[in-house]
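Descriptive structure summary
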Amino acid sequence: MKNIGYCKFCGNSRMVMESEGMTEEDLNNQATLECDCEGAKAEREVQYLVSTGKASLNLIVAKKSKKTAEALVPFVELIARGRIKKISINFDGITTASMYTTSSGKKIAVETRETVTEYADGETVDLLPPDEDGGRTEHE
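Residues numbered from 1 in each chain as written. Predicted model: local features only at pLDDT ≥ 70, side-chain atom pairs only at ≥ 80, totals over all residues. Heavy atoms only, no water.

1. Describing the overall build of the protein
Rules: Runs of H or I in DSSP of at least four residues are treated as helices and runs of E of at least two as strands, each being numbered from the N terminus. Relative accessible area decides the class of each residue, using a 1.4 Å probe on protein chains only: under 20% of the type maximum gives buried, over 50% gives exposed, and in between gives partly exposed. Throughout, a residue-residue contact means that at least one pair of heavy atoms, one from each residue, lies within 4.5 Å. To be clear on the numbers: accessible area is Shrake-Rupley with a 1.4 Å probe, and residue cover counts the displayed protein chains and nothing else.
The secondary structure content of the protein amounts to 3 helices and 5 strands. The linear arrangement of helices and strands in the protein, starting from the amino end, is β-β-α-α-α-β-β-β. Looking at the protein as a whole, 25% of its 140 residues are labelled buried. Of the contacts formed within the protein by residues at least 6 apart in sequence, a portion of 35% connects residues at least 24 apart. As presented, the protein carries roughly 10300 Å² of accessible surface, and 50% of it is formed by carbon and sulfur atoms.

2. Overview of the layout of surface pockets
In plain terms, the rule: A pocket here means an open set of points on a 1 Å grid, computed over the protein atoms alone, that has protein on both sides within 12 Å along at least five of seven lines. A cavity is instead a set of points where a 1.4 Å probe fits but cannot get out; residues with an atom within 4 Å of a point line either one. Grid points are joined across faces, edges and corners, and a volume is the space filled by probe spheres set on the points.
What the largest pocket holds in volume is close to 170 Å³. In this structure, the largest pocket is lined by Ala42, Glu45, Val46, Tyr48, Leu49, Ile79, Ala80, Thr101, Ser104, Gly105 and Lys106. Residue assignment for the lining of the largest pocket shows that the elements contributing at least two residues are helix H2 (38-61) and helix H3 (66-80). Top element by residues in the lining of the largest pocket is H2. It accounts for 5 residues.

3. Overview of the environment of Glu43
When you line up the elements, Glu43 lands in helix H2. Taking relative accessible area as the criterion, Glu43 reaches 18% and is therefore assigned buried. With 37 residues separating them along the chain, Glu43 and Ala80 place their C-alpha atoms 9.9 Å apart. Leave out the neighbours within four places in its chain, and Glu43 touches Phe9 and Arg81.

4. Looking at a nonpolar patch on the surface
Rules: Think of a patch as exposed residues, more than 30% relative accessible area, with no salt bridge, where like charges cluster within 9 Å and nonpolar side chains (Val, Leu, Ile, Met, Phe, Trp, Tyr) cluster within 5 Å. Counted as salt bridges are all cases of a side-chain nitrogen of Lys or Arg within 4 Å of a carboxyl oxygen of Asp or Glu.
A cluster of nonpolar residues, Ile4, Tyr6 and Met15, forms a patch on the protein surface that exposes about 280 Å² of accessible area. The residue Ile4 is located in strand S1 (residues 4-6) in this model.

5. Some thoughts on the sheet that holds strand S3 (residues 86-90)
Paired through backbone hydrogen bonds, the strands of a sheet run either parallel or antiparallel to each other. Under the convention used in this document: Two strands form a pair only when DSSP identifies at least two bridges running between them. Lines fitted to the C-alpha atoms define the axes, with helices restricted to the stretch that makes contact. Angles between their N-to-C directions range from 0 to 180 degrees.
Strand order in this open sheet of 3 strands is S3-S4-S5, and the pairing throughout is antiparallel. Each having just a single partner strand, S3 and strand S5 (108-114) make up the two edges of the open sheet. Taking the axes of each pair of neighbouring strands and ignoring which way they run, one obtains an average angle of 15° across the sheet. Of the pairings in the sheet, the one linking strand S4 (residues 95-101) to S5 comprises 7 bridges and is antiparallel in character. From the neighbouring strand, Tyr100 faces S5, where its bridge partner is Ala109. Taken strand by strand, H2 contacts S4 and S5, and its axis lies near 20° from that of S5. H3 rests against S3, S4 and S5 of the sheet, and its axis sits at about 20° to S4.

6. Thoughts on the nonpolar core
For the record, the criterion: Here, nonpolar core means buried Ala, Val, Leu, Ile, Met, Phe, Trp, Tyr and Cys residues that are tied together by side-chain atoms lying within 4.5 Å of each other.
Core analysis: the biggest nonpolar cluster contains 16 residues, and Leu57, Val61, Leu72, Val76, Ala80, Met99 and Ile108 have the highest contact counts within it. Those elements that place two or more of their residues in this core are H2, H3, S4 and S5. What Ile108 contacts, discounting residues up to four positions off in sequence, is Leu49, Gly53, Ser56, Val76, Ile79, Ala80, Met99, Tyr100 and Thr101.

Spelled out as structure tokens, the structure:
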């Protein structure tokens, strides 16, 4: 049985143990994972960022909106590969989910922020009801 895979980056061949039932692509993927060339090392780092980024999405965003977390999943790899720096989605008018690489470039950060908007147009004045006068008395 053929159990040799080739690194996708340098082309070096490697024996793949326990290769029964693996396709040629599977063999090559495994050989790439095990290779010591710079391209394979960089790919392992990207895959690590992707897996931790997806885990962070599930931990932070999915508890507020599973659909938003699912919508952000395709962008994890783009961020891990440096193709985009940051993506933000406002998903309910109040909550914004953001995902970006940290300044070190070694991690993908995921955060949610809630925005409270207050509006005044200069014409309306909201008066406090008489019983909510901020603790002031008539003598002040």
